[in-house]
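Spelled out from the first residue to the last, the chains are:
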Amino acid sequence: MGMAILVALLGAPFVLDNYYLHALIISMIFLLPAHGLNLIVGYMGMLSLAQGAFFGIGSYVSALAAMHFGTPFYVNFVLAGVVTGLIALPLGIPALRLRTYSFVMCTLGLVVIGEAVAKNWVGLTRGDMGLSGVPQPVLGFGAHPFTVTTITGYYYLYLAIAVLMTGLFYALVVSPAGRSMIAIRDNEIQAEALGIPTWSYKLVVFTISAAFAGFGGSLYAHYLTTVSPLTFQMFYSTTILIIVLGGGAGSIRGVVVGSIVFVAISEALRISPEYRMVMYGLVLLLLVFWLPSGLTPLIDRGLAMLSGSRK
């Protein structure tokens with residue numbers, strides 16, 4: 001399944017025009033914060049709405065570093081994730097002590113606070129004017145670096161990053177730490193009885209999840225070359241949540257497919273703005289009524305049918 005998706009994505013620039021490649025690039029950008037949220041929702045059993053806030057922080061960190069210090073793209077990318085994770089760490093200490101519904105409301109508050117800071121810290125963020133002229137990614141070393149300027153160049157660069165980050169995510173969830181997360185999700189009291197430090201795991205997961213969102217924010221900033229307080233709007237948090245729940249929480253392939261379906265289709269439908277939200281809403285309604293567990297069961301049935309037909 002994963003290899004088939006990868007082969008299809010590698011060949012996409014040969015059959016799709018730039019507009020649809022743009023839609024796929026947006027889906028790859030949102031895949032990273034979706035992986036982070038999937039870690040919380042699918043592997044820890046908690047619900048967070050803060051991914052939009054951390055996505056915005058990552059975009060500002062990457063943009064400010066590039067514009068004020070001239071740091072290269074790969075440094076900005078790593079810096080965005082690390083700084084976002086370090087900001088999330090102290091925020092998670094009080095937030096994770098709250099009960100389920102209070103924790104959700106707390107994470108929603110982080111989005112509101114993030115947008116307010118971006119609007120009012122004019123000396124750093126330029127307020128509603130935002131930051132424009134974020135440098136495009138420069139690859140290579142020495143006297144002949146390569147600047148990514150074409151839609152195809154962005155596509156393959158972001159595809160490589162998406163594959164790398166998905167591989168890192170997979171390595172994490174299949175590790176002993178990942179199995180401990182699943183144990184906490186299934187039965188927290190029993191996990192504590194087995195000696196698993198549940199609260200510490202929650203804090204680490206919250207931090208890693210924020211870092212993934214920060215990585216996605218960096219890709220966003222260097223692709224659009226502009227960042228504004230709109231990056232913190234609730235639309236982004238809900239989009240990331242739809243990717244995870246619609247694709248299938250706790251499933252890597254579900255989130256990958258969900259990012260393509262729910263982000264790329266949404267972007268592609270911009271060519272028909274009068275029908276875009278209506279069609280997107282219909283897809284969500286069909287999903288809720290017919291696929292309440294997301295796209296993952298449908299994917300599994302399709303794979304089972306394919307394997308059966310080969311036998």
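Details of the structure are given in the entry above.
Residues numbered from 1 in each chain as written. Predicted model: local features only at pLDDT ≥ 70, side-chain atom pairs only at ≥ 80, totals over all residues. Heavy atoms only, no water.

Caption draft 1: Expanded view of the packing of helix α3 (residues 51–69) against helix α4 (residues 73–95). Relative to each other, α3 and α4 sit at 135 degrees, their axes nearing to 8 Å. In this view, α3 runs oblique relative to α4, as classed from their interaxial angle. As α3 runs across α4, the sense of the crossing is right-handed. Contacts between α3 and α4 pair Phe 54, Ile 57, Gly 58, Val 61, Ser 62, Ala 65 and Ala 66 from the former with Asn 76, Phe 77, Leu 79, Ala 80, Val 83, Thr 84, Ile 87, Ala 88 and Leu 91 from the latter. (Axes fitted to C-alpha atoms, helices over the stretch in contact; angles between N-to-C directions. Helix = DSSP H or I, 4+ residues; strand = E, 2+ residues; numbered from the N terminus. Parallel < 35°, antiparallel > 145°, perpendicular 65-115°, else oblique. Left-handed = near helix turned anticlockwise from the far one by under 90°. Contact = heavy atoms within 4.5 Å.)

Caption draft 2: Quick look at the nonpolar core. In terms of nonpolar packing, the biggest core is built from 90 residues, with Ile 25, Ile 29, Phe 30, Phe 54, Tyr 155, Tyr 158 and Ile 161 touching the most fellow members. With residues up to four places along the chain from it excluded, the contact list for Ile 161 reads Leu 32, Phe 73, Phe 77 and Leu 219. (Core = buried A, V, L, I, M, F, W, Y, C linked by side-chain atoms within 4.5 Å. Buried < 20%, exposed > 50% of the residue type's maximum accessible area, 1.4 Å probe, protein only.)

Caption draft 3: Main features of unusual backbone geometry. One non-glycine residue, Arg 126, lies in the positive phi region at around 65 degrees. Arg 126 gets classed as partly exposed once you look at its relative accessible area, which sits at 35%. Residues other than glycine seldom take positive phi values, yet Thr 225 does so here, at roughly 60 degrees. Looking at where Thr 225 falls in the secondary structure, it is placed in the loop between α10 (198–224) and β4 (226–227). In this structure Thr 225 comes out as partly exposed when scored by relative accessible area, which is 23%.

Caption draft 4: Molecular detail of the side chain of Ser 228. Along the chain, Ser 228 falls in the loop between β4 and α11 (234–247). Taking relative accessible area as the criterion, Ser 228 reaches 18% and is therefore assigned buried. Setting aside anything within four residues of it in sequence, one finds Ser 228 in contact with Tyr 60 and Gly 130.

Caption draft 5: Inspection of helix α8 (residues 176–186) at higher detail. Along α8, the residues classified as buried are Gly 178, Ser 180, Met 181 and Ile 184. In a view along the axis of α8, the buried residues occupy a sector of 155 degrees, so they form one face of it. Facing away from the buried side of α8, by more than 90 degrees, are the exposed residues Pro 176, Arg 179 and Asp 186. In this structure, the buried residues of α8 make contact with α2 (18–44), α7 (151–173), α9 (188–193) and α10. (Arc of directions from axis to C-beta.)

Caption draft 6: Quick look at the packing of aromatic side chains. Under the criterion given, the structure shown has 19 aromatic pairs. A ring pair is formed by Phe 103 and Phe 206, whose centres lie 6.2 Å apart and whose planes are at 65 degrees; its orientation type is edge-to-face. In this pair, Phe 103 sits in helix α5 (residues 100–120) while Phe 206 sits in helix α10, placing the two residues 103 residues apart along the sequence. A relative accessible area of 4% means that Phe 103 is categorised as buried. Judged by centre distance (5.7 Å) and plane angle (85 degrees), the rings of Tyr 154 and Tyr 158 are edge-to-face. Here the residue Tyr 154 and the residue Tyr 158 both occupy positions in helix α7, the gap between them amounting to four residues, near one helical turn. We note that Tyr 154, like Tyr 158, is buried. What links up through ring pairs into an aromatic cluster is the set Tyr 43, Phe 73, Phe 77, Phe 169, Phe 212 and Phe 215. We note Arg 97 situated over the ring of Trp 199; from NZ or CZ to the ring centre the distance is 4.4 Å. (Phe/Tyr/Trp six-rings, centres within 6.5 Å; stacked < 30°, edge-to-face > 60°. Lys NZ or Arg CZ within 6 Å of the ring centre and 35° of its normal.)

Caption draft 7: How the structure looks around α5. In this model, α5 (21 residues) spans 31 Å end to end at C-alpha, consistent with the 30 Å of a helix rising 1.5 Å per residue. Those residues of α5 not exposed but buried are Phe 103, Val 104, Thr 107, Leu 110, Val 111, Gly 114 and Ala 118. Across the axial projection of α5, the buried residues extend over an arc of 110 degrees, all falling on one side. Exposed positions of α5 whose direction lies more than 90 degrees from the buried face are Tyr 101, Met 105, Val 112, Ile 113 and Asn 120. Structurally, α5 contributes buried residues whose contacts are with α3, α4, α6 (122–125), α10 and α11. (Expected span 1.5 Å × (residues − 1).)

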